[in-house]
Structures are given as structure tokens and as C-alpha cells.
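Okay, here's what each chain looks like letter by letter:
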Amino acid sequence: MPFDFDVIVIGGGHAGTEASVMSARLGARTLLLTSVLDTIGQMSCNPAIGGIAKGTVVREVDALGGVMGRAADRATIQFRMLNRSKGPAVWAPRAQADRMLYKRAVRTLLEQFPALELSQGMVTNLLFDRGGARITGVETSDGRRYTARAVIITAGTFLRGRIHVGTETQVPAGRAGDQPSVEMAQVIENIGLRVSRFKTGTPPRVDGRSVDWTRVERQEGDGPEYRFSFHERVERPRQVPCWITWAGEAVKEIIQRHLNESALYGGAITSRGPRYCPSVEDKIVKFPAAKRHQIFLEPEGLDTSELYVNGLSTSLPVSVQLEFLHAVPGLERARMTRPGYAIEYDYYPPTQLTPWLEVKSVEHLFFAGQINGTTGYEEAAGQGVIAGINAVRRIRGAEPVVLGRDDAYIGVLVDDLVTRGVDEPYRLFTSRSEFRLLLRQDNALRRLLPLAERLGLLTDSELRAAERRLGQEAAALQLARDTAITPSQAAGALTESRTSLSESERIAVVAKRPSVSLRDLFSATGVGNDIPAEAVMSAEIEIKYDGYLAREREAAARLAELASFVLPPDLPYLELRTLATEARQKLDRVRPGSLAQAARVPGVTPSDLHNLVLAATRWRRRVA
């Protein structure tokens, strides 16, 4: 039968928008269905994009044609490159964004794709055929029915979402002001998927006009040269500072006194929350020796005085929130514009998904974002990219795209989810990757452009812009290798390193020294002035860390050898008596596609892997 659409995406958050764009870029007729069109691309929590590992994901999404980086560049009101004092593997771009500008930019970017339609509607039912083995469409609360060859669910915190403020106030909601998705959550549970609950939270907001600026520390952004997107360079809005203050002993005493009124500690919430973005109650309880906790006052936008109080996420009653806000230096007279709250929601343990984010038990049904147990805009966007690409490839009978752990942080993210699962909201960090030097924020385009080009994700003009950027990096590298610098030229450039040259040397050799800048060496010799700063920075990293990069590439090659040993999808793990019981049970649940993936399943030992190779080989011979 003819389908209304090739792909339907449910949800207009950061996963849903990227999934829709990928599908549309591949030429699939795509419908993005969301409960409120005006909230497409909304930042439900903090008004910022990027951060540790997360900023690299934004650039990976951008390299593959996603919109997050472009929208962030159009909405950035402060940009900082975090961790510049550390090694390049952990450098992290982060942008403070104007909420309204960001949301508007996402909507504008989505509407540039002719194959993508946007529609407002609450999905209440999913349609299946083959006894529930394949999804065929959706129904909305107002009676509309849309058929599709694939469906991607990116429902965020909306699935049976419930907001908590204190122990007495509980409101069914997907986020403040939006209705939850209850019927669809029930349908998903009815198809036999395991379901669990997580919680997350948000802090109060305050009116900046009521802040005592003399008692807080001003934090400026970095220079104007940084952008997220490789494909376009837009003018930024006006840049503004953020501000730093602290929650000290006074805040601690107030929270301890009212702890049993918190939804989290008063028994109203039993779900696990994010370890790396804890509520202020968690901070006080779990770190009792800490004398104070840092708080950032972040502007919500250029056209409002409202500030996001980053670091004070809470589920305490409104009256208590006001009390502890007034105990924070600079906020003694602050007017709270919105209270903080906690929210509980359904997620589905992601070991029920394939490495391309398709539900194992239902063909052409994909999950992306917080529905898979993650937290963060960037993690959601990365999953949206993978789900969007593979929904189209699956309906066309093409091989799914699976990014390796040495290809992208998106690959690390998805592999961790489907192989190891989650027992708390998953947040990406550089420490989760074995190949941190290979997966840098500056080389995302070089890593992923070949894939984007092969899949046909980019337009001709985007490809030209990408190739121009890579050409600039190659030119900087070649210039450093070909150009010699004399001792007199190098004197100024080597001041910080406290070294000197006794004879002329190639710039590439001198640039390997600690605290020596490739840009400074270029300036000293009068070359490379036309090469953009970020291209020079990428070349400098390649030069300085050449030996380390070579070792990581060797380790990645060894991992690729393990990945080349494919495990049969129908391998009867529970019958493999040469494997330990724990290994049999966990491998049966995950059903890894390769020996490399099996090696990352918790509880699987080297002995199990050896026996698995033998068992898989025997199984292939038996069924041949």
C-alpha cells in the first residue's frame, strides 16, 4: 500500500530535529510531528550548547549536515573554549545561547528542506502490521492517521512525565507548561519493551535587575574567531558576560533544615537522577565536607533580564527555594521569576536497540534521545543523526550506518548505550573514549566528511566549504613542514618556552616544543597570515601530538580487527555452556554484532571471548 510518508519523527526537540534533517537530506518524505510547533528546538534546561565532549558532538553533528551547530552560532551570546590550559583532547567549545534566537534558528533551518513537513499534534497511538513486528504509522489525539515506512520516537521527558516541586506538588507534564505523553507511553509498554524511570531537574530563574552585581564575579567569553559550524560563518549577536557566585554554609544550613520537604529526599521521587548534574540537595548530602558550591548566573537572552541559576537544580518547595536563593552572595534581594522543579519520566533500557538505534523487536521503529536514558541536548542530537540516517537506509534496504568508537564521540555514545546499557541518566565525557586524541573537536570535519559525502548528506556548496576548510588545515601543515625559521626570527616566538634555536630549523620541528605556538612561528617568519586561526590550531595539534596520534591509530586498528569478526544474529548464547553463566545471559540480552562489541559487554571475560570465537565458528558450520 502507498504510505503517506517515508519517515515520521515524533518530537521536535534536539533529537527529533536532527533526525528529521538527516531523513530529509537523504531525500525521504519526512513528517515531524510535535505537540506544540512553537517549541521546536526549545532548550528545556540551561541556555547553552556544548561543553566537555558535548562540544565535539555538536561539531560531529554539523559535519554530517545537522543543524545544532548552525543554530548555536546564530544564537551565541558568549563563546568559550573550555580546558585550554589542558591537552587538546579535552578542549571543549561551549556557547551561551539566547533561547529565543536558538529556537527561531532551528525552525528557520528546518524549513529550508523541501522534503520535510512540520505538523502540530499529540501522538496517542502507533500502528503496526505483521502481528506487531513492523511499525506502519501513527495516530494523533485529534483523530488524524499518518502511515509511514519508518517511525522515530524522540519524546524527551514527555513519556508519562511528572513534575515535582516539594513533596506535595505533583503535576503531570512533559516539561513546565506542556502536557505529558501518556497514551503513547502505554502503547510502547504494551508491545513488550522493558520500561524504567529516570528523573532530572532544573533550577530557579531570577530577574537580573534584582541582582547585586558588586557581589558576583564577571566571566567574559573568548575571542570572536570560534564557531561551531564548519559550513557557514555567520555574524554573532551581541556578546554578554556570565557571572559566578557561590552557595556556601548559609545555603547548606537551609537545605539541611528542609531536606525532608524535597521531593527527592522526602520520598516522592524514587527514580535515579543524573550523577554529573546533581540537584543542590544531592550536593549538600553527598559532599558534606564541601564548604561551598559554584553557581553560574547565565543570561537567558539579549531581550530579557532573566537569568538561569546554573548549579541550584532543586525539587524543594517554592518558599524554600526563595529562602536559599537569598542566602547566595549577590542574590540577597533577587526576585525569582520561575521556580526550579524535578521531573520523572519513562525511558526504555537501550540494550533493546540495535547499534543503529532500531528497536530489535519491531522493524523500522527507532528511538533517539532521552527515551534511551541519556541526558543533554548534544547526546540527543547525536542519536537523532544516527536514527534519521538509518531509518532511511533501512526502508531502502541499504546497510545501516554504525559509527565506530574511533570514528566519533557519537559512536562511543551509541555503543555505550546499546552494549552496556544505563543505570543512571547517561552523560558523555571524554573519559568514556579510548581514543580521545583521535576524537577532537577540531578534527570532526576531517573524520566525518568522507561519510557525509558518501551518503549524500551535504549540498555542493556545503561540500565546497568543507573542502576549503580541510584545504586550509593541509596548507598550514605543509607550510610548517616546508618553512625554516632562523634563530633570530624564533627569539620572540620561543619566549614562553624558555628555549632558543642555535641554527635554522623547520617550523614543524620547533612547533613540537611545549608552550610554542604555531601561529607565533608563522608570524615570526611572515607566512600563513591568510590561514584561519582554527585551521592553524588543528595543524599545531597534529604536529605536537604526532607520536601519540600514531599510537592511538594503531590501537584503533586492533579494535577494527575485533570488529571484523562478525557474530551471527541468531547465535543461541544461552546454550553456549563453555561461557560463564553471566556472560551467556548478558550476551543474549545485548546480542552484539561483533567480537569487539561483545568484549565491551560488562561481565564478559577474555576467557569468554576466546570460547565465543570457537562457539560462533562451530555454529556457522552447523547452519551452513
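Computed from a prediction, not measured in an experiment: that's the story for all the values here.

**Considering the overall build of the chain**
Secondary structure summary: the chain contains 20 helices and 22 strands in total. Its C-alpha radius of gyration of 26 Å places the chain within 12% of the 25 Å reference for a compact globule of 624 residues. In terms of overall dimensions, the chain has C-alpha extents of about 80 × 75 × 50 Å along its principal axes. When each of the 624 residues of the chain is scored for burial, the buried share is 58%. When contacts within the chain are restricted to residue pairs at least 6 apart in sequence, long-range pairs at least 24 apart make up 72% of them.

**Considering the packing of helix 11 (residues 444-455) against helix 12 (residues 460-482)**
Remark: helix 11 packs on helix 12, axes separated minimally by 11 Å, with the N-to-C direction vectors making an angle of 150°. Taken as axis vectors, helix 11 and helix 12 run roughly antiparallel relative to one another. Considering how the two elements wind past one another, helix 11 and helix 12 form a crossing that is left-handed. Listed contacts from helix 12 to Leu445, Arg446, Leu449 and Glu453 of helix 11 are Leu463, Ala466, Glu467, Arg469, Leu470 and Glu473.

**Points about the layout of surface pockets**
One number sums up the size of the second largest pocket: a volume of about 820 Å³. Every residue lining the second largest pocket is counted, 36 residues in all, and those nearest its centre are Pro355, Trp356, Val402, Gly593 and Gln597. Elements that contribute at least two residues to the lining of the second largest pocket include exactly helix 10 (409-420), helix 17 (546-563) and helix 19 (595-599). The element best represented in the lining of the second largest pocket is helix 10, accounting for 6 residues. Within the lining of the second largest pocket, the residues separate by chemical class into 21 nonpolar, 7 polar and 8 charged.

**Some points on empty space enclosed by the protein**
Counted under the stated rule, the structure contains 1 cavity of 30 Å³ or more. Along its surface, the largest cavity is lined by Ala247, Gly248, Glu249, Lys252, Ile284, Phe287, Ala290, Lys291, Arg292 and His293. Looking at the lining of the largest cavity residue by residue, the classes come out as 4 nonpolar, 2 polar and 4 charged.

**What to know about the sheet that holds strand 12 (residues 196-202)**
Strand order in the open sheet formed by 4 strands is 11-10-19-12, and the pairing between neighbours is antiparallel. The two strands at the open ends of the sheet, each matched to only one other strand, are strand 11 (169-172) and strand 12. The sheet shows a mean angle of 25° between the axes of neighbouring strands, taken without regard to direction. Direction of pairing for strand 10 (residues 162-165) relative to strand 19 (residues 341-347): antiparallel, over a ladder of 3 bridges. Paired with Arg162 across the bridge in strand 19 is Glu344.

**A few points about the pattern of salt bridges**
Taken as a whole and assessed by the stated rule, the structure comprises 46 salt bridges. Note that Asp142 is salt-bridged to Arg144, the shortest N-O span being 3.1 Å. The salt bridge involving Asp442 is made with Arg440; its shortest N-O contact spans 2.8 Å. The exposure classification of Asp442 matches that of Arg440, with both residues buried. If you follow the salt bridges from partner to partner, you end up with Arg440, Asp442, Arg446, Arg469, Glu473, Glu542 and Arg553 in one network.

**What to know about the nonpolar core**
What tends to happen in soluble globular proteins is that the nonpolar side chains get buried as a cluster. Core analysis: the biggest nonpolar cluster contains 112 residues, and Ile8, Leu126, Ile153 and Phe367 have the highest contact counts within it. The element that contributes the greatest number of residues to this core is helix 9 (residues 377-395), accounting for 10 residues. Apart from the residues within four sequence positions on either side, Phe367 is in contact with Ile153, Ile188, Leu193, Tyr348, Leu353, Leu357, Val359 and Asn372. Judged by nonpolar contacts, the second largest core, of 23 residues, contains Val309, Leu312, Val320 and Phe324.

**Observations concerning the pairing of strand 11**
Taken together, the 4 bridges between strand 10 and strand 11 define a ladder with antiparallel strand orientation. Opposite Ile163, over in strand 11, you have Val171 as the bridge partner. Between the end of strand 10 and the start of strand 11, which pair antiparallel, lie 3 residues, with Gly166 showing a positive phi angle near 75°.

**Thoughts on the pairing of strand 15 (residues 242-247)**
The buried fraction of strand 15 amounts to 5 of the 6 residues, a majority that puts the element mostly inside the structure. Relative to strand 15, strand 14 (residues 217-219) runs antiparallel, the two sharing 3 bridges. The residue bridging Arg218 from the neighbouring strand is Trp243, located in strand 15. Across 5 bridges, the pairing between strand 15 and strand 16 (residues 293-299) is antiparallel. By the bridge assignment, Trp246 is partnered in strand 16 with Gln294.

**Remarks on unusual backbone geometry**
Its identity is not glycine, yet Asn83 carries a phi of approximately 65°, on the positive side. In this fold, Asn83 is placed in the loop between strand 4 (76-82) and strand 5 (92-97). What makes Asn83 partly exposed here is its relative accessible area of 22%. One non-glycine residue with positive phi stands out, namely Ser515, at about 65°. Topologically, Ser515 is positioned in the loop between helix 14 (507-510) and helix 15 (518-525).

**A word on helix 16 (residues 533-544)**
Relative to the 16 Å expected for 12 residues at 1.5 Å per residue, helix 16 spans 16 Å between its end C-alpha atoms, a close match to the ideal helical length. With 10 of its 12 residues buried, helix 16 lies for the most part within the structure. All of the buried residues in helix 16 are Glu534, Ala535, Val536, Met537, Ser538, Ala539, Glu540, Ile541, Glu542 and Ile543. Those residues of helix 16 that are buried lie in contact with helix 2 (54-63), helix 11, helix 12, helix 14, helix 15 and helix 17.

Criteria and thresholds
- Residues numbered from 1 in each chain as written.
- Predicted model: local features only at pLDDT ≥ 70, side-chain atom pairs only at ≥ 80, totals over all residues.
- Heavy atoms only, no water.
- Helix = DSSP H or I, 4+ residues; strand = E, 2+ residues; numbered from the N terminus.
- Rg over C-alpha atoms; globule rule 2.2 N^0.38 Å.
- Buried < 20%, exposed > 50% of the residue type's maximum accessible area, 1.4 Å probe, protein only.
- Contact = heavy atoms within 4.5 Å.
- Axes fitted to C-alpha atoms, helices over the stretch in contact; angles between N-to-C directions.
- Parallel < 35°, antiparallel > 145°, perpendicular 65-115°, else oblique.
- Left-handed = near helix turned anticlockwise from the far one by under 90°.
- 1 Å grid on protein atoms, 1.4 Å probe; cavity = no way out; pocket = protein on both sides within 12 Å on 5 of 7 lines; lining within 4 Å.
- Points joined across faces, edges and corners; volume = space filled by probe spheres on them.
- Nonpolar A, V, L, I, M, F, W, Y, C, P; charged D, E, K, R; others polar.
- Pairing = 2+ DSSP bridges.
- Salt bridge = Lys/Arg side-chain N within 4 Å of Asp/Glu carboxyl O.
- Core = buried A, V, L, I, M, F, W, Y, C linked by side-chain atoms within 4.5 Å.
- Expected span 1.5 Å × (residues − 1).

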